[in-house]
Amino acid sequence: GTSPYTITPAQTGLTAGAKTFTVTDANGCTTTVNATITQPASALSAALTSQVNVLCFGGATGSVVITPSGGTSPYTITPAQTGLTAGAKTFTVTDANGCTTTVNATITQPASLPTVVLTSQTNVLCRGNSTGAINITASGGTGAFTYDWADVAGTSNTEDRTALAAGTYTVTVTDANGCTAVSTNSITQPAILNLSTSRTNVSCNGGSNGTANTAAS
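Fair warning: this is a prediction, and the values are worked out from it, not measured in the lab. (Residues numbered from 1 in each chain as written. Predicted model: local features only at pLDDT ≥ 70, side-chain atom pairs only at ≥ 80, totals over all residues. Heavy atoms only, no water.)

> Whenever I open this one, the overall build of the protein confuses me. Can you help?
Broken down by element type, the protein carries zero helices and 16 strands. Over its C-alpha trace the protein gives a radius of gyration of 42 Å, far above what one expects of a compact globule, namely 17 Å for 217 residues. Expressed along its principal axes, the backbone C-alpha trace of the protein runs to roughly 160 × 30 × 25 Å. The buried share of the protein, taken over its 217 residues, is 19%. When the accessible area of the protein is evaluated, it comes to approximately 13200 Å², of which 53% is carbon and sulfur surface. Counting 5 positive and 7 negative side-chain charges, the protein places the centres of these two groups 18 Å from one another. (Helix = DSSP H or I, 4+ residues; strand = E, 2+ residues; numbered from the N terminus. Rg over C-alpha atoms; globule rule 2.2 N^0.38 Å. Buried < 20%, exposed > 50% of the residue type's maximum accessible area, 1.4 Å probe, protein only. Areas by Shrake-Rupley, 256 points an atom, 1.4 Å probe, with all protein chains shown as cover. Lys, Arg positive; Asp, Glu negative; His and termini not counted. Charge placed at Lys NZ, Arg CZ, Asp CG, Glu CD.)

What follows is the structure, given as structure tokens:
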């Protein structure tokens, strides 16, 4: 033919399907070209399959599992689906052709961490005895608590201790999710009770000039 040529319709921005393009030269002579534009069998989609919420308040133990389908594999998912903090999250799934879709998830967390406070304490009254006591109260966290006293083999599972000698006592409180709080308290005792004595003997038989003195400290 004779240039220049025109080609109709446009050759970009095409949808899938059979296409016929007409080429026309400068003299009005024409020819046609056929093409079939294909597309993936189905649109890209993705679903939130499962999620794990944060176990301890303020932690980053959340995770999600997102399952892509359709489009063209392989797929990439951003951002990372593990090590998540609490809050609303948006994940972008991209297939091999650069097609994208998004999946939303909300990661929750407990309202607070466990806390432990000293409710009351009784110190040893007489040095060397075991009359001390510690009473604590745990709150917050999730579910029931267990109590692990450092000076007791295994978990004593009690929040109160009695018959304690002077010393430092540490308890670790653990909630149902494994979140912990620690309290350390010291039982005191008085100093040693001392008694000192002095005497003056009677100088003459039958006399009464003897003395005896005692001093406590």
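Alright, that's what it looks like, and here's the rest.
> How should I be thinking about the sheet that holds strand β14 (residues 180-187) in this particular structure?
Remark on secondary structure: sheet strands pair via backbone hydrogen bonds, oriented parallel or antiparallel. With antiparallel pairing, the three strands of this open sheet are ordered in space as β11-β13-β14. In the strand order of this sheet, the two ends are held by β11 (146-149) and β14, each with one partner. Strand-to-strand, the axes of this sheet are offset by a mean angle of 25°, without reference to chain direction. Note that β11 and strand β13 (residues 167-174) share four bridges and pair antiparallel. Bridge assignment links T146 to a residue of β13, and that residue is T174. (Pairing = 2+ DSSP bridges. Axes fitted to C-alpha atoms, helices over the stretch in contact; angles between N-to-C directions.)

> Sorry, what's going on with the state of the cysteines here?
As used here, a disulfide is simply a covalent bond connecting the sulfur atoms of two cysteines. Applying the stated criterion to the full structure yields one disulfide. With its sulfur 2.0 Å from that of its partner, C56 forms a disulfide with C179. Because the torsion about its S-S bond is -100°, the bridge between C56 and C179 counts as left-handed. Remark: C179 occurs in the loop between β13 and β14 and C56 occurs in the loop between β4 (45-52) and β5 (63-69); sequence separation between them is 123 residues. (Disulfide = S-S within 2.5 Å.)

> I tried to follow the pattern of salt bridges on my own but got confused; where do I start?
Opposite charge on two side chains permits them to pair, given that their charged atoms come into close proximity. According to the stated counting rule, one finds one salt bridge in the structure shown. D151 is the salt-bridge partner of R161, the closest N and O atoms lying 3.0 Å from each other. Taken together, the residues R161 in strand β12 (residues 160-164) and D151 in the loop between β11 and β12 connect sequence positions ten residues apart. (Salt bridge = Lys/Arg side-chain N within 4 Å of Asp/Glu carboxyl O.)

> Got a minute to help me understand the nonpolar core in this structure?
Ranked by size, the top nonpolar core spans 14 residues in total, and within it I134, I136, Y147, W149, Y169, V173 and I187 carry the most contacts. Breaking this core down by element, the ones donating at least two residues are β10 (132-139), β11, β13 and β14. Judged by nonpolar contacts, the second largest core, of ten residues, contains V64, F91, V103 and I107. (Core = buried A, V, L, I, M, F, W, Y, C linked by side-chain atoms within 4.5 Å.)

> I tried to follow the sheet that holds β12 on my own but got confused; where do I start?
Pairing is antiparallel across the open sheet formed by three strands, whose spatial order is β9-β10-β12. Looking at the sheet topology across the chains shown, the edges are occupied by β9 (115-122) and β12. Put simply, the sheet's adjacent strands are angled 15° from each other on average, direction ignored.

> Honestly, the environment of F21 in this entry has me stumped. Any pointers?
Here F21 lies in strand β2 (residues 17-24). The spacing of F21 and T31 is ten residues in sequence and 8.4 Å in space, taken between C-alpha atoms. Other than its neighbours up to four places away in sequence, F21 contacts I7, T8, P9, A10, Q11, L14, T31, T32, V33 and A35. (Contact = heavy atoms within 4.5 Å.)

> Hey, could you run me through unusual backbone geometry in this one?
Generally, phi is negative for residues other than glycine and the peptide bonds are trans, each holding for most cases. With omega at -5°, the peptide bond leading from T8 into P9 counts as cis. You can see P9 is positioned in the loop between β1 (6-8) and β2. Geometrically, the link from S73 to P74 is a cis peptide bond, its omega value of 0° lying close to zero. Its place among the elements puts P74 in the loop between β5 and β6 (76-78).

> Can you walk me through the environment of T90 in this structure?
Turning to its location among the elements, T90 is positioned in strand β7 (residues 87-94). The contacts of T90, once residues within four sequence positions are left out, are T78, P79, T102, V103 and N104. A distance of 2.9 Å separates polar atoms of two side chains, one belonging to T90 and the other to N104. (Polar contact = N/O pair within 3.5 Å; in protein donor to acceptor, adjacent residues only side chain to side chain.)

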